[in-house]
Amino acid sequence: MKSIRVFSLLLISTLIFSCSKSEDNYQAISNYPNVKAAFGTTIDLDNLIDYAGQTVPSYITKDNTTLGNSITNKGATLGRVLFYDKNLSFNNTISCSSCHQQANAFSDVAVASIGANGTTARHSMRLINTRFASEFKFFWDERATSLEMQTTMPIKNHDEMGYSSLNGDLSITDLVTKLSAIGYYKELFKFVYGTEEITESKMQLALAQFIKSIQSFDSKYDAGRSQVATDSAIFPNFTNEENDGKNLFLTTPVFDTTGNRISGGLGCAQCHKAPEFDISINSHNNGVIGTISGTGIDLTVTRAPSLRNLVKPNGTLNGPMMHTGVFSTLQQVIGHYGTITVAPGNTNLDQKLNPTGIGQQLHLTSTEVNSVIAFIKTLSGTAVYTDAKWSNPFLN
């Protein structure tokens, strides 16, 4: 009898423990039923994707996450949802990802992206390695003083996402009200911030964390750079053409008194310094001063994306280049810098392209052009196009 009683007690204890454990599991799942319903397995709040712990090569020295909004797994997860959610446009047709597509290194193949009320005024800039830069300002004309500020400016633009609050448009306050009624945002904002309250500032922080997490360091260039002490060294994994192109890219040209190159390289690194290849903080415009509309001139474009991932791994472009989308080949871009003509009215041309007051004449050979192009192609990685952490969470 005693043994039967002991067995019975053990059985009851096991059942109680099992029920308690099952209840705990049910509770964990039921904490986020709306997230589960909306995203399935693409977002698991109990097993977050690692955005904060990504490896950064030791030779990368610039990192603007030190400005006060470091990447967290929670924040970047919320930012990913916001980035891909068409609810952020007034008519539910456009998301951030509509103009910044993963398949195109978070840019657009269109010259001017389609917005909720029309087309954009400038070509959509690639969002690769935005945090690894000396320049903290954003947009082609640097009108946003931080990435955080930039993230909601397209939302508040009439043409892009339509919450401008001008001329009959809804306002960002209306968007906050709209998102506050969506179940998965109630759960996500509470998960990240401890409260369901949604504010523009919280949206900015999360979106910026996600965008800062988009990084690319798996290129042929990175494989070579990890094996040498400096960028000027010969990369053992490069072809002779790629090493020649790298040398031309890094080396400053020497000009005569009339702006003709008489020796040296092409000086690309004066504005796009290795190893980040972002734009120099003190750059002025590069001589491309047209507009997409074709009327007037645009002198204020002094920002540019990193040169990383200009092309896909197969060598095709991720879209047209410059703020006007005027160039569709790398040969055209290099040709532009090969012969700089100071256009009438361009009072903001970068002095590095205007030696001795005359537009530079690089007198490029076909061998030099091909070598620089070969080098630029080594700057493209592969993972950024396919990694699930940066993909659309609504496709489950």
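Further up the page is the structure itself.
Fair warning: this is a prediction, and the values are worked out from it, not measured in the lab. (Residues numbered from 1 in each chain as written. Predicted model: local features only at pLDDT ≥ 70, side-chain atom pairs only at ≥ 80, totals over all residues. Heavy atoms only, no water.)

Undergrad: Explain the layout of surface pockets here, please?
TA: Left-over empty space is what a probe sized like a water molecule reveals as it rolls over the atoms. Quantified by volume, the largest pocket comes out at close to 640 Å³. Elements supplying a minimum of two residues to the lining of the largest pocket: helix H4 (96-99), helix H5 (147-152) and helix H8 (200-213). The dominant element in the lining of the largest pocket, judged by the number of residues it contributes, is H5, at 3 residues. Of the residues contributing to the lining of the largest pocket, the split by class is 17 nonpolar, 11 polar and 7 charged. (1 Å grid on protein atoms, 1.4 Å probe; cavity = no way out; pocket = protein on both sides within 12 Å on 5 of 7 lines; lining within 4 Å. Points joined across faces, edges and corners; volume = space filled by probe spheres on them. Helix = DSSP H or I, 4+ residues; strand = E, 2+ residues; numbered from the N terminus. Nonpolar A, V, L, I, M, F, W, Y, C, P; charged D, E, K, R; others polar.)

Undergrad: Where do I start with the environment of Phe327 in this structure?
TA: By secondary structure assignment, the location of Phe327 is in the loop between strand E4 (278-279) and helix H11 (330-338). Classification of Phe327 as buried rests on a relative accessible area of 13%. Sequence spacing of Phe327 and Val111 is 216 residues, and the spatial spacing of their C-alpha atoms is 9.8 Å. Setting aside residues no more than four positions away along its own chain, Phe327 makes contact with Val288, Pro320, Met321, Met322, Gln332, Val333 and His336. (Buried < 20%, exposed > 50% of the residue type's maximum accessible area, 1.4 Å probe, protein only. Contact = heavy atoms within 4.5 Å.)

Undergrad: Where do I start with the side chain of Lys389 in this structure?
TA: Residue placement: Lys389 occurs in the segment after helix H12 (366-377). In this structure, Lys389 is in contact with Ile49, Asp50, Tyr51, Gln54, Arg80 and Phe210, ignoring residues within four places of it in sequence.

Undergrad: How do you make sense of the environment of Thr367 when you look at a structure like this?
TA: Checked against the element boundaries, Thr367 lands in helix H12. For Thr367, a relative accessible area of 54% gives the class exposed. Considering only alpha carbons, one finds Thr367 and Phe249, 118 residues apart in sequence, at a separation of 13 Å.

Undergrad: Explain empty space enclosed by the protein to me, please; I cannot follow it from the model alone.
TA: Overall, the coordinates contain 2 cavities of 30 Å³ or more when judged by the stated rule. Taken together, 42 residues make up the lining of the largest cavity; nearest its centre are His272, Leu307, Met322, Val333 and Tyr337. At the level of elements, H11 and H12 are the ones that each hand at least two residues to the lining of the largest cavity. Per-element accounting of the lining of the largest cavity gives the leading share, 4 residues, to H11. For the lining of the largest cavity, the class distribution of residues is 23 nonpolar, 15 polar and 4 charged. There is about 50 Å³ of room inside the second largest cavity.

Keep in mind these values describe shape, not function.
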